[in-house]
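Chain by chain, the residues:
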Amino acid sequence: MAHIQRDRKKLLARVRRIAGQVAALEQALEAGDDCDAVLVQIAAAKGAMHGLMMEVMAGHLNDHVVAEKDPAKRASEAEVLLDLLKRHAR
């Protein structure tokens, strides 16, 4: 996965932001914050995770489907991406 290695710093920064959001969610729960504050933290973490997923999927699409020369391998990689989209949509 060349795109994972190429974008490693950017992806790790996203993961660290997600970790911070999850930590804030944990603190809100431990502190007994109101449910609206907890829901905001959950939405923020979910949005950040979605952004990470889209970033990695875009890299996969560009590197393993669009740029792939072998039609059989391109079709296989597209299928991998479709399966991931199905799981993500649940």
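These figures come from a predicted structure and were not determined experimentally. (Residues numbered from 1 in each chain as written. Predicted model: local features only at pLDDT ≥ 70, side-chain atom pairs only at ≥ 80, totals over all residues. Heavy atoms only, no water.)

Draft legend 1. Representation of the overall build of the protein within the structure. The helix and strand tally for the protein stands at four helices and zero strands. Computed over C-alpha atoms, the radius of gyration of the protein comes to 17 Å, more than 25% over the 12 Å expected from 2.2 N^0.38 for 90 residues, which places it beyond the range of a compact globule. Expressed along its principal axes, the backbone C-alpha trace of the protein runs to roughly 55 × 30 × 10 Å. Out of the 90 residues in the protein, the part that is buried amounts to 21%. For the protein, the proportion of contacts with a sequence separation of at least 24, taken over those separated by at least 6, is 61%. Element-wise, carbon and sulfur atoms account for 60% of the exposed surface of the protein, whose accessible area totals about 6500 Å². Each charge sign in the protein was given a centre, from 14 positive and 13 negative side chains, and these centres are 8 Å apart. (Helix = DSSP H or I, 4+ residues; strand = E, 2+ residues; numbered from the N terminus. Rg over C-alpha atoms; globule rule 2.2 N^0.38 Å. Buried < 20%, exposed > 50% of the residue type's maximum accessible area, 1.4 Å probe, protein only. Contact = heavy atoms within 4.5 Å. Areas by Shrake-Rupley, 256 points an atom, 1.4 Å probe, with all protein chains shown as cover. Lys, Arg positive; Asp, Glu negative; His and termini not counted. Charge placed at Lys NZ, Arg CZ, Asp CG, Glu CD.)

Draft legend 2. Here's a closer look at the side chain of Glu68. Positionally, Glu68 belongs in the loop between α3 (35-66) and α4 (71-89). Although buried, Glu68 forms no salt bridge, and the nearest oppositely charged side chain, Lys73, lies 4.7 Å from it. (Salt bridge = Lys/Arg side-chain N within 4 Å of Asp/Glu carboxyl O.)

Draft legend 3. How the structure looks around the packing of helix α2 (residues 8-31) against α3. As a packed pair, α2 and α3 sit with axes 9 Å apart at the nearest point and diverge in direction by 165°. Classified by the interaxial angle, the pair formed by α2 and α3 is roughly antiparallel. Judged by the sense of rotation from one axis to the other, the crossing of α2 with α3 is left-handed. Packed against α2, whose contacting residues are Lys10, Leu11, Arg14, Val15, Ile18, Gln21, Val22, Ala24, Leu25, Ala28 and Leu29, the element α3 presents Val38, Gln41, Ile42, Ala44, Ala45, Ala48, Met49, Gly51, Leu52, Glu55 and Val56 at the interface. (Axes fitted to C-alpha atoms, helices over the stretch in contact; angles between N-to-C directions. Parallel < 35°, antiparallel > 145°, perpendicular 65-115°, else oblique. Left-handed = near helix turned anticlockwise from the far one by under 90°.)

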